Amino acid sequence: MKFQKQIDINVPVEAAFKWHEQPGALARLLPPFEDVRVHHSTGGIEHGARVEMSVPMGPLRKRWVAEHRDYVPNERFTDVQLRGPFAHWEHTHLFERRDANSCALIDSVDYRLPMGSVGRTFGGSTVARMLETMFRFRHERTKSDLELHHAFRDQPRMKILISGSTGLIGSALIPFLTTGGHDVYRLVRDEEHARLNPQAVYWNIKEGEVNRQELEGFDAVIHLGGANIAGHRWTKKYKETIKNSRVKSTQLLAGLLATLHKKPKVLVSASAVGFYGDRGDEILTEQTTSGLGFLPEVARAWEEAAKPAADAGIRVVHPRFGIVLSPNGGALKEMQRPFRWGVGGVVGSGRQYWSSISLDDAISAIYFAIMRDDVSGPMNITMPEQTTCRQFVKTLGSVLNRPTVLPLPSPAVHAIMGEMGEALLLHSTRAVPEKLQAINFPFRHPTLREAMEFSLGRFQQK
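Residues numbered from 1 in each chain as written. Predicted model: local features only at pLDDT ≥ 70, side-chain atom pairs only at ≥ 80, totals over all residues. Heavy atoms only, no water.

What follows deals with the overall build of the protein chain. For the protein chain, the helix and strand inventory stands at 14 helices and 20 strands. Scaling as 2.2 N^0.38, a compact globule of 462 residues should have a C-alpha radius of gyration of about 23 Å, and the protein chain matches this with 23 Å. Taken along the three principal axes of its C-alpha coordinates, the protein chain extends 65 × 60 × 45 Å. Of all 462 residues assigned to the protein chain, the portion counted as buried reaches 52%. Taking the contacts inside the protein chain whose residues are at least 6 apart along the sequence as the reference set, 70% of them involve residues at least 24 apart. Summing over all exposed atoms, the protein chain offers an accessible surface of approximately 21,200 Å²; the carbon and sulfur share of this is 50%. (Helix = DSSP H or I, 4+ residues; strand = E, 2+ residues; numbered from the N terminus. Rg over C-alpha atoms; globule rule 2.2 N^0.38 Å. Buried < 20%, exposed > 50% of the residue type's maximum accessible area, 1.4 Å probe, protein only. Contact = heavy atoms within 4.5 Å. Areas by Shrake-Rupley, 256 points an atom, 1.4 Å probe, with all protein chains shown as cover.)

Moving on, we come to the pattern of salt bridges. Under the criterion given, the structure shown has 28 salt bridges. Across the salt bridge formed by Asp-35 and Arg-61, the nearest N and O atoms sit 3.0 Å from each other. With Asp-35 in the loop between α2 (25-29) and β2 (37-41) and Arg-61 in strand β4 (residues 60-72), this residue pair connects regions lying 26 residues apart in the sequence. In this structure, Arg-315 and Asp-373 form a salt bridge, with 3.8 Å as the shortest nitrogen-oxygen distance. (Salt bridge = Lys/Arg side-chain N within 4 Å of Asp/Glu carboxyl O.)

With 40 residues, the main nonpolar core has Ile-162, Leu-173, Leu-177, Ile-222, Leu-224, Phe-321 and Ile-370 as its most contacted residues. For this core, the secondary structure elements donating two or more residues are β8 (159-163), α4 (168-179), β12 (220-223), β13 (266-269), β16 (315-321), α10 (359-371) and β19 (377-381). Not counting the four nearest positions on each side in its chain, Ile-222 is found in contact with Ile-160, Leu-161, Ile-162, Ser-163, Leu-173, Leu-177, Val-268, Ile-366 and Ile-370. By size, the runner-up hydrophobic cluster in this structure holds 21 residues, among which are Met-383, Val-393, Leu-400 and Ala-451. (Core = buried A, V, L, I, M, F, W, Y, C linked by side-chain atoms within 4.5 Å.)

With that out of the way, let us pick up the pairing of β13. Taking every second residue as pointing to the same face, both faces of β13 are buried, with Val-266 and Val-268 on one and Leu-267 and Ser-269 on the other. Crossover handedness for the path β12 to helix α6 (residues 236-258) to β13: right-handed. (Right-handed = clockwise from strand over helix to strand, strands pointing away.)

Looking now at the packing of aromatic side chains. In total, this model carries 22 aromatic pairs according to the counting rule given. One aromatic cluster in this structure is built from Phe-152, Phe-176, Tyr-367, Phe-368, Phe-441 and Phe-443. We note Lys-159 situated over the ring of Phe-218; from NZ or CZ to the ring centre the distance is 4.8 Å. When the ring centre of Phe-275 is taken as reference, the NZ or CZ atom of Arg-320 above it lies at 3.6 Å. (Phe/Tyr/Trp six-rings, centres within 6.5 Å; stacked < 30°, edge-to-face > 60°. Lys NZ or Arg CZ within 6 Å of the ring centre and 35° of its normal.)

This part covers the sheet that holds β2. Spatially, seven strands are ordered β1-β7-β6-β5-β4-β3-β2 in an open sheet, and the strand pairing comes out antiparallel. Only two strands of the sheet have a single partner each, and these edge strands are β1 (2-9) and β2. Here the average twist between neighbouring strands, direction ignored, is 20 degrees. Sheet topology note: the β1/strand β7 (residues 102-112) ladder contains eight bridges and is antiparallel. Bridging from a neighbouring strand, Lys-5 pairs with Asp-107 of β7. Each of β4, β5 (76-83), β6 (88-99) and β7 touches helix α1 (residues 13-21); the most contacted strand, β6, lies at about 150 degrees to it. (Pairing = 2+ DSSP bridges. Axes fitted to C-alpha atoms, helices over the stretch in contact; angles between N-to-C directions.)

For the rest of this paragraph, the subject is the packing of helix α9 (residues 330-340) against helix α11 (residues 389-400). Taken N-terminus to C-terminus, the directions of α9 and α11 make an angle of 60 degrees; their axes are 11 Å apart at the nearest point. Relative to α11, the element α9 is oriented oblique. Judged by the twist between their axes, the crossing of α9 over α11 is right-handed. In this structure, α9 uses Leu-332, Met-335, Gln-336, Phe-339 and Arg-340 to contact α11, whose residues at the interface are Phe-392, Val-393, Leu-396, Gly-397 and Leu-400. (Parallel < 35°, antiparallel > 145°, perpendicular 65-115°, else oblique. Left-handed = near helix turned anticlockwise from the far one by under 90°.)

Put into structure tokens, the structure is as follows:
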């Protein structure tokens, strides 16, 4: 059996091939909705390099070992299954030059299903649909990543330090940056990990402990750390944890960066659209004042904590994130299961605005923040389309082809989740990406449906 899919990309063939050679390329190519886990890799795509993964097979997982072969720079490479779910799998990546500034990427897969004619009869159409979905995702992401990196091709590659590197955003941002040729280091709380990993820097926020010398010489610092606001009922103690994990870490980091001899050019210090509070249908731009309540209080203190860096001449950007859409974490991960079971529905009145952004657009916006010298201050990281809870729920149900007939009334939200539920689900925040639009940011997913279809692998047929 044979599958083939092609996409044209507006970058030179050399840039497209080099992207596939960079650390992080495989992580960028694996669809989040397939739950493929990489256990070991010898690195690279040259002849003889191997990758060991596992893939879901019903309730179990199946080992998949692939070896790279037929490596010809700027032309092709192949990966062959040595062990895995297929009777045979050989995937050839072909690169064709169109002109000096464009190329075609062609994926050609020869495969056989196990159990011969029985496998073809009962699994053939399912596998064909799976391959079409997977490679559509891969091509869309590859094209967008490559063209975004190419837009900044004349700027030097950066040495970048990231905190919160294992979180939803950080874990996607790192392979995006490394495939662009940037040198990425992690700011970690695990002292043993930092000792064994030359590209990790240890810090202890509680004790205010960081090796100041190890912070010297970074071009950009991206601070994404903070306790999960939806990970625990908001007791008085946990609210202190939410605030302190953000404010104290930012104070420590910004204060140290301000004293360095070789300061970074930019500090991207995370914030959230919770800055605005419950504002009904008011349109909220970066110039809008902060609101009332716990989340606005946290966001104000969080942003203020970075002031020492700004005072020292470091360009500071505060990405105010909306709901970041990914099946790997955050709100969409939690909502998927009940919606797939057909028990999802509108929360509260449904008229409250839920500002959101696809994960890929979120990391692209961070990239703009570090690469564009004209960006500073707060920046709303939300999609252009503004959607209410009702529109969000109906769109998710439509994308998953599931009913949305079981509402969650406001009293139930209060009873089950308390203050956290009110702030995260019932408050209305209509934040618009005014700054991103002003600098002509190329949204990959400007609408909620596009973001959900891409994130969940539920594409409409073209």
